[in-house]
Amino acid sequence: MPDSPDEAASALPRLRLDRLLAELQSRLDVARGVQSRMHGLLEAVLSVGRELDLNQVLRRIVEAAVVLVGAEYGALGVVGEKHSLSDFLPVGISPELAAKIGPLPSGHSILGELIRHPEALRLADLTEHPSSYGFPEHHPPMRTFLGVPIRVREKVFGNLYLTQKHGGVPFDADDEAMLSTLAVAAGVAIDNARLYRESLRRERRLESLGEIARSLLSGTGSDDVLSLVARRALEVAEADSAAVLLPVRDTGDLRVEVAHGRSADALRGRLVPALGSLAGVAARTGKPAVTSDVRTDPRAHAIPDIDPPHGPTVAMPLLVEDQVSGALRLSRVAGRPVFDDSDIELLSGFAAQAALALELGRHRRESEQLALLRDRDRIARDLHDLAIQRLFATGMTLQSAGRLIENPEAAERVERAVDDLDETIKIIRTTIFALRTDIGHAGARSLRRRVVDTVAAAGEPLGFTPSLRMDGPLDTDVPESTAEHLLAVLAESLSNTARHAHAHRVDVVLAAGDETVLTVTDDGVGLGGSPPGGGLTNMRTRAELLGGTLETQTLADGGTRLIWRVPSPSA
């Protein structure tokens, strides 16, 4: 205590000064703390704005948030469809621990609370919240919690989640204010990164479409162009799988003609139903069809045996003058983001190029077919006007000369030569008809054309093409029911000859009149006395169904002759 009143009086100002200095020091410490936090906030804002790659921006946002509020763990959840998390980026948990914990959160429990109510949320103990479901096995303990939404152009993009503030103390109002400010800057950074990403994708799209256009103009085949379209669409859309599906004639189903990316070998050649598949929906409606998960969408068809399985999928129709000719299908593996409107806009150009490739290919085939038909018509005309007329004139000359020959043996030889010329003329006329017959769809082909095709198809297994002669009104007097049986018998007899006869020559003669008669003769080893097989039985049954007969002959000099004979309906 002071020894005198004077000393006591002088001590009072010093005490007040000490208190003022202490208070000033305290305020300076707070100011330094605020200044430090403001510097931290500024640095966090600058750090998230430095990157233009969207994935890097998202990662930088979480890392900056953890440092800014002194949290041990942090995460950014991207909100997808149906109020769930389409992506989740954790910070503070090692990859080994994350693997032990299992699948990443999808938006339930406390994380879902922020999705349902996008407002800042502070909790001293998150386990006491009604929405808390607890933690999975191996998950580290967490108590304190702070979450804020991130908005991009007034739309919630995702949420920032922070837990376990250092020191075990709860997050305070300053932490919430700091994190909310960072969330605003994060929204701007995300928007910039998305715009930059879209500009790059559009640039790649223009380059790819230019490459495809050059390929089309250079005359590249439609299959190669479709393959190029699928590859470039896969890259621009950042998909995992791309395929072009075209309709199968008669069945109406779709077949994967071109495939690239993951599981391309397993996809190529697969049949997809037109009804009950996303590609079928696009082809049927002429509009894009999108799903977040092809495995659960009732409209879709999840192609089996694909590893890893596809999830988000989009099918774009291939439209040419309002006519759909197939679909362009792109998929991402399950768990990846859904295809959005920007993806569909980018892919529309690739679908248009694929449809154009199909249309150009069709026109090119038609032009080639027309040129082929013109060439065949010219050859047929030359054969008729030149070869047949000269052979006919030669035959007439030989007939006239034969009457003047006194030697019987010589006259017989001349007569045989005239007969050979007649046979040659008949063969050439058959060839002329085959050249002039339409080579369009099978349903529009005449009987003569189908017989020519059946005989030609036997050339490969036989090792040579059989000779063919046709006489009579085959296309007018032979009904379709008889024609179907006749073609089946012809194919069966040629197949039997190729498998068993070891022949070097086969002659086919088909004639129509009072009867329709098919004769197939070969110079092979003959029947050899073997019992009739299933092939001969089937051919005989077909003849008997039409009121006809089947006759087989073993020739004296080796070989076999088969005669299939049925009456004409008009006879």
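Residues numbered from 1 in each chain as written. Predicted model: local features only at pLDDT ≥ 70, side-chain atom pairs only at ≥ 80, totals over all residues. Heavy atoms only, no water.

1. Things to note about the overall build of the protein chain
The secondary structure content of the protein chain amounts to 15 helices and 16 strands. For the protein chain, the residues scored as buried account for 41% of the 571 residues in total. Contacts spanning at least 24 positions in sequence make up 60% of the contacts within the protein chain whose residues lie at least 6 apart. (Helix = DSSP H or I, 4+ residues; strand = E, 2+ residues; numbered from the N terminus. Buried < 20%, exposed > 50% of the residue type's maximum accessible area, 1.4 Å probe, protein only. Contact = heavy atoms within 4.5 Å.)

2. Brief notes about the sheet that holds strand β9 (residues 289-291)
On the basis of which strands lie adjacent, the open sheet formed by 6 strands has the order β8-β7-β6-β11-β10-β9 and antiparallel pairing. One side of each edge strand has no neighbouring strand; the edge strands of this open sheet are β8 (271-272) and β9. In terms of strand pairing, strand β7 (residues 254-261) meets β8 through 2 bridges, oriented antiparallel. In the sheet register, Arg255 faces β8, and the bridge partner there is Leu271. In the packing of helix α8 (residues 278-285) onto the sheet, the strands contacted are β6 (241-247), β7, β9, β10 (310-320) and β11 (323-333), and the crossing angle to β10 comes to about 25°. Sheet contacts for helix α9 (residues 341-404): β6, β9, β10 and β11; angle to β10, the most-contacted strand, approximately 45°. (Pairing = 2+ DSSP bridges. Axes fitted to C-alpha atoms, helices over the stretch in contact; angles between N-to-C directions.)

3. With respect to the confidence of the model for the protein chain
Across the protein chain, pLDDT averages 80, with 86% of residues at or above 70. Per-residue pLDDT stays below 50 along residues 439-444; that stretch engages in 7 contacts with residues further than four places along the chain or on separate chains. (pLDDT = per-residue confidence, 0-100.)

4. Looking at the pattern of salt bridges
One pass over the structure, following the stated rule, counts 25 salt bridges. A salt bridge links Asp240 to Arg336; its shortest N-O distance comes to 3.1 Å. Taken together, the residues Asp240 in the loop between α6 (222-236) and β6 and Arg336 in the loop between β11 and α9 connect sequence positions 96 residues apart. We classify Asp240 as buried; its relative accessible area is 13%. Relative accessible area serves as the criterion here: at 28%, Arg336 is assigned to the partly exposed category. (Salt bridge = Lys/Arg side-chain N within 4 Å of Asp/Glu carboxyl O.)

5. Overview of the pairing of strand β1 (residues 71-79)
Counting buried residues in β1 gives 7 out of 9 residues, a clear majority hidden from the surface. Sheet analysis places β1 next to strand β2 (residues 85-91), joined by 6 bridges and oriented antiparallel. In the sheet register, Ala75 faces β2, and the bridge partner there is Pro90.

6. Concerning the side chain of Ser227
Among the structural elements, Ser227 can be located in helix α6. Look past the residues within four positions of Ser227 in its chain and what remains in contact with it is Val258 and His260.

7. Some words on the sheet that holds strand β3 (residues 121-123)
Here we have 5 strands laid out as an open sheet, ordered β2-β1-β5-β4-β3, and antiparallel in their pairing. The two strands at the open ends of the sheet, each matched to only one other strand, are β2 and β3. Neighbour-to-neighbour, the strand axes of this sheet turn through a mean angle of 15°, independent of strand direction. Here helix α4 (residues 109-116) sits on the sheet in contact with β1, β2, β3, β4 (145-152) and β5 (155-165), set at roughly 145° to β5. Across the sheet, helix α5 (residues 173-217) is in contact with β3, β4 and β5; its angle to β4 comes to roughly 30°.

8. Notes on a negative patch on the surface
On the surface, Glu415, Asp419, Asp420 and Asp422 cluster together into a negatively charged patch. Tracing the sequence through the fold places Glu415 in helix α10 (residues 408-436). (Patch = residues over 30% accessible without salt bridge, like charges linked within 9 Å, V, L, I, M, F, W, Y side chains within 5 Å. Areas by Shrake-Rupley, 256 points an atom, 1.4 Å probe, with all protein chains shown as cover. Lys, Arg positive; Asp, Glu negative; His and termini not counted. Charge placed at Lys NZ, Arg CZ, Asp CG, Glu CD.)

9. Here we look at unusual backbone geometry
Positive phi is not limited to glycine here, since Glu154 has a value of about 70°. With respect to the helices, strands and loops of the structure, Glu154 is situated in the loop between β4 and β5. For Glu154, a relative accessible area of 73% corresponds to the exposed category. Positive phi is not limited to glycine here, since Ser263 has a value of about 60°. Positionally, Ser263 belongs in the loop between β7 and α7 (264-267).

10. Some details on the packing of α5 against α6
Look at α5 against α6: their axes get within 10 Å of each other, and the N-to-C directions meet at 175°. Taken as axis vectors, α5 and α6 run roughly antiparallel relative to one another. Contacts from Arg201, Arg204, Arg205, Ser208, Glu211, Ile212, Ser215 and Leu216 of α5 reach α6 at Val225, Leu228, Val229, Arg232, Glu235 and Val236. Class assignment of the residues belonging to the contact of α5 with α6 gives a composition of 6 nonpolar, 2 polar and 6 charged. (Parallel < 35°, antiparallel > 145°, perpendicular 65-115°, else oblique. Nonpolar A, V, L, I, M, F, W, Y, C, P; charged D, E, K, R; others polar.)

11. Here's the deal with the nonpolar core
Of all hydrophobic cores here, the largest spans 33 residues; its most connected members are Leu318, Leu330 and Phe350. Breaking this core down by element, the ones donating at least two residues are α5, α6, β6, β10, β11 and α9. Looking at this core, the element that brings in the most residues is α9, giving 9 residues. Residue contacts for Leu318: discarding those within four places in its chain leaves Val244, Leu246, Gln323, Val324, Ser325, Gly326, Ala327, Leu328, Ala351, Ala354, Ala355 and Leu358. (Core = buried A, V, L, I, M, F, W, Y, C linked by side-chain atoms within 4.5 Å.)

12. Considerations on helix α14 (residues 480-501)
Its 22 residues give α14 an end-to-end C-alpha distance of 30 Å, which sits within 8% of 32 Å, the value for a rise of 1.5 Å per residue. Listed as buried for α14 are Thr482, Ala483, His485, Leu486, Leu487, Val489, Leu490, Ser493, Leu494, Asn496, Thr497 and Ala501. (Expected span 1.5 Å × (residues − 1).)

13. What to know about the packing of α6 against α9
In contact at an axis separation of 9 Å, α6 and α9 are set at 175° when each is read in the N-to-C sense. The angle between α6 and α9 falls in the class roughly antiparallel. Residues Ser222, Val225, Leu226, Val229, Arg232, Ala233 and Val236 of α6 form the contact with α9, whose own contacting residues are Leu346, Leu347, Phe350, Gln353, Ala354, Ala357, Leu358, Gly361, Arg364 and Arg365. Across the contact of α6 with α9, the residue classes break down as 11 nonpolar, 3 polar and 3 charged.

14. Quick word on the packing of aromatic side chains
A complete count under the given rule lists 2 aromatic pairs for this structure. Taken together through their ring pairs, the aromatic side chains of Phe88, Phe145 and Tyr161 make up a single cluster. Cation over ring: Arg332 sits above Phe339, and NZ or CZ is 4.0 Å from the ring centre. (Phe/Tyr/Trp six-rings, centres within 6.5 Å; stacked < 30°, edge-to-face > 60°. Lys NZ or Arg CZ within 6 Å of the ring centre and 35° of its normal.)

15. A short note on α6
With 15 residues, α6 ought to run about 21 Å at 1.5 Å a step, and its terminal C-alpha atoms sit 21 Å apart, in line with that. Along α6, 11 of the 15 residues are buried, which leaves the element largely enclosed by surrounding structure. Among all positions in α6, only Ser222, Val225, Leu226, Ser227, Leu228, Val229, Ala230, Arg232, Ala233, Leu234 and Val236 are buried. The positive-phi residue at the C-terminal boundary of α6 is Glu238, with phi of around 50°.

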